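An overview of the molecular structure
Spelled out from the first residue to the last, the chains are:
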Amino acid sequence: MKLFNPDNHTKSEDHKRLYALCEMAYTVVDFSAAALFVIGSFLFFNESTTYFGTWLFVVGSVLFGLRPTIKLYREIGYLRLGDYDDIAKG
């Protein structure tokens, strides 16, 4: 099994389930990060809310950092479900 192969999610029902869960998590994180950035941007228009807007940017940045972490988690999950011998060949 090659890492980050787009066909990995079709290998079994467990692979499909893991893919679906990770895609849901990825989408929630992506949407949340974008929403925090948009809200934070509006908060910068008023000086009294700039501090809170800055915190929303920080949290949004952390969420954007979770995106590749979710994909790496998914690939590690595939490895746990899959064939370890194929990794060396990949």
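Summarised in this report is the structure supplied together with it. Treat the numbers as computed from the prediction; the structure is a model and nothing was measured.

So, how was this worked out
- Residues numbered from 1 in each chain as written.
- Predicted model: local features only at pLDDT ≥ 70, side-chain atom pairs only at ≥ 80, totals over all residues.
- Heavy atoms only, no water.
- Salt bridge = Lys/Arg side-chain N within 4 Å of Asp/Glu carboxyl O.
- Buried < 20%, exposed > 50% of the residue type's maximum accessible area, 1.4 Å probe, protein only.
- Axes fitted to C-alpha atoms, helices over the stretch in contact; angles between N-to-C directions.
- Helix = DSSP H or I, 4+ residues; strand = E, 2+ residues; numbered from the N terminus.
- Parallel < 35°, antiparallel > 145°, perpendicular 65-115°, else oblique.
- Nonpolar A, V, L, I, M, F, W, Y, C, P; charged D, E, K, R; others polar.
- Contact = heavy atoms within 4.5 Å.
- Phe/Tyr/Trp six-rings, centres within 6.5 Å; stacked < 30°, edge-to-face > 60°.

Time to look at the pattern of salt bridges. Taken as a whole and judged by the stated rule, the model has 5 salt bridges. Of the charged contacts in the structure, one is a salt bridge between Arg74 and Glu75, with a shortest N-O distance of 3.3 Å. We classify Arg74 as buried; its relative accessible area is 11%. Residues joined by salt bridges that share partners form a network here, namely Glu23, Arg74 and Glu75.

Taken N-terminus to C-terminus, the directions of helix H1 (residues 13–43) and helix H2 (residues 50–81) make an angle of 170°; their axes are 8 Å apart at the nearest point. In this view, H1 runs roughly antiparallel relative to H2, as classed from their interaxial angle. Looking at the contact of H1 with H2 residue by residue, the classes come out as 23 nonpolar, 9 polar and 6 charged.

Turning our eyes to something else, we now look at the environment of Ala33. Here Ala33 is to be found in helix H1. Given a relative accessible area of 0%, Ala33 falls into the buried group. Note: C-alpha distance between Ala33 and Glu47 (14 residues apart in sequence) is 22 Å. Ignoring any residue separated from it by four or fewer positions in sequence, one finds Ala33 in contact with Gly60, Leu63 and Phe64.

Let's shift gears to the packing of aromatic side chains. Across all of its chains, the model carries 4 aromatic pairs by this definition. Both rings, one in Phe42 and one in Phe45, keep their centres 6.1 Å apart while their planes meet at 55°; by these two values the pair is tilted. A relative accessible area of 70% places Phe45 in the exposed class. Measuring from ring centre to ring centre gives 5.3 Å for Phe44 and Phe57, while their planes differ by 70°; the resulting arrangement is edge-to-face.

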